[in-house]
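Given next are the chains, with one letter for each unit.
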Amino acid sequence: IEKNNIEYAYALRKLEAHGPTRQQLPTWIDKYNNRCSITPTAAMDYPLTTCFNFYNNFHIGKVSFFLRPDVQDFLRAVNSSGHIINDRWGDSTIQAYAVRLFMDPQRITFLPNFSYIHGSHSNKIISTFDDGKSTNIPQKLPLWKNIN
């Protein structure tokens, strides 16, 4: 991963299941982008109105990306909005939007040939062998592979 300049690697993507986040966060993102003149870099096959997250109980993220000033400004703005506390916006979806807004898509990858057991979800096996087709989680999105 490091030799390929990958900054974020994930096993699965899924639609946000939490209603208030799914309804509020995309609108908030749109307003933030307009206010800050941000052009998203990695929509990943879906418009930003599609609220999804990386099933991130296992992922690889380059810390220096999340410490970049533009990413930190975004994360501070989300935190200051009060929605994390008041509406329970979750970290995985906020993290996904940070990646989708600011990361070069060439730096994002799917983790191939990887499996683990998610203990807090009834010991569900999460597998990326066969491009994740055998893993059955609610609201799973199809595999995204950057082909640029």
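Scroll up a little and you will see the structure.
Quick caveat, the model's predicted, so the values are computed rather than measured. All residue numbers here refer to positions counted from 1 along the written sequence of the relevant chain. Given that this is a predicted model, residues contribute local features only at a pLDDT of at least 70 and side-chain atom pairs are listed and counted only at 80 or more, while totals for whole chains, interfaces and linings are drawn from all residues. Based on all heavy atoms of the structure, the side-chain values leave hydrogens and waters out of the count.

## Regarding the packing of helix H1 (residues 19–36) against helix H5 (residues 91–102)
Two quantities define a packed helix pair, namely the angle between the axes and the distance from one axis to the other. At a closest axis distance of 12 Å, the pairing of H1 and H5 adopts a crossing angle of 30°. As H1 packs across H5, the resulting crossing turns out to be right-handed. Together, Thr21, Leu25, Pro26, Ile29, Tyr32 and Asn33 of H1 and Thr93, Tyr97, Leu101 and Phe102 of H5 make up the contact between the two elements. Broken down by class, the residue content of the contact of H1 with H5 amounts to seven nonpolar, three polar and no charged. Axis lines are fitted through C-alpha atoms, for helices just across the contact stretch, and the angle between N-to-C directions can take any value from 0 to 180 degrees. In DSSP terms, a helix is any run of H or I states spanning at least four residues, a strand is any run of E spanning at least two, and both are numbered starting from the N terminus. By convention, the crossing between two helices is left-handed when the near helix turns anticlockwise from the far helix through less than a right angle, and right-handed when the turn is clockwise. Contacts are residue-level and defined by heavy atoms, with any inter-residue pair within 4.5 Å sufficient. Put simply, Ala, Val, Leu, Ile, Met, Phe, Trp, Tyr, Cys and Pro go in the nonpolar bin, Asp, Glu, Lys and Arg in the charged bin, and everything else, Gly too, in the polar bin.

## Quick word on the state of the cysteines
Any cysteine sulfur atom paired with another within 2.5 Å is treated as part of a disulfide. Enumeration over the complete set of coordinates arrives at zero disulfides. Here Cys36 is not cross-linked by a disulfide; its sulfur's nearest cysteine counterpart is in Cys51, at 18 Å. Judged by its relative accessible area of 37%, Cys36 falls in the partly exposed class. Whether a residue is buried, partly exposed or exposed follows from its accessible area with a 1.4 Å probe, protein chains only, as a fraction of its type maximum: under 20%, in between, or over 50%, in that order.

## Let's talk about the packing of aromatic side chains
A pair of aromatic rings is counted whenever rings of Phe, Tyr or Trp (Trp by its six-membered ring) have centres within 6.5 Å, and the orientation is called stacked for planes under 30 degrees apart, edge-to-face for over 60 and tilted otherwise. By the definition in use, this model includes 14 aromatic pairs. Their ring planes at 10° and their centres at 5.3 Å tell us that Trp28 and Tyr32 sit as a pair that is stacked. Highlighted residues: Trp28 and Tyr32, both in helix H1, separated by four residues, approximately one helical turn. Judged by its relative accessible area of 15%, Trp28 is buried. Residue class for Tyr32 comes out buried when judged on its relative accessible area of 5%. Arranged with centres 6.2 Å apart and planes meeting at 70°, the rings of Tyr46 and Phe52 form a pair that is edge-to-face. Should the NZ of a Lys or the CZ of an Arg lie within 6 Å of a ring centre and within 35 degrees of the ring normal, that charge is described as sitting over the ring. The cationic tip of Arg13 hangs over the ring face of Phe52; the distance from NZ or CZ to the ring centre is 5.0 Å.

## Some points on the environment of Gln24
Mapped onto the fold, Gln24 is located in helix H1. On the basis of relative accessibility, which here comes to 26%, the residue Gln24 falls in the partly exposed class. The spatial distance from the C-alpha of Gln24 to the C-alpha of His83 is 8.9 Å, given a sequence separation of 59 residues.

## So, the side chain of Arg13
Within the secondary structure, Arg13 sits in strand E2 (residues 13–15). His is not counted, nor are the chain ends, whereas Lys and Arg count as positive and Asp and Glu as negative. In the sections that follow, a salt bridge refers to a side-chain nitrogen of Lys or Arg positioned within 4 Å of a carboxyl oxygen of Asp or Glu. Although buried, Arg13 forms no salt bridge, and the nearest oppositely charged side chain, Asp45, lies 4.7 Å from it. There is a polar contact of 2.7 Å between the side chain of Arg13 and the backbone oxygen of Pro142. Discounting residues that sit within four places of it in the chain, Arg13 has contacts with Met44, Tyr46, Phe52, Asn53, Phe54, Tyr55, Gln139, Lys140, Leu141, Pro142, Leu143 and Trp144. Any pair of N or O atoms that falls within 3.5 Å is considered a polar contact. Within protein, one atom must be able to donate a hydrogen and the other to accept it, and sequence-neighbouring residues count only if both atoms are side-chain atoms.

All we've got here are geometric facts, nothing functional implied.
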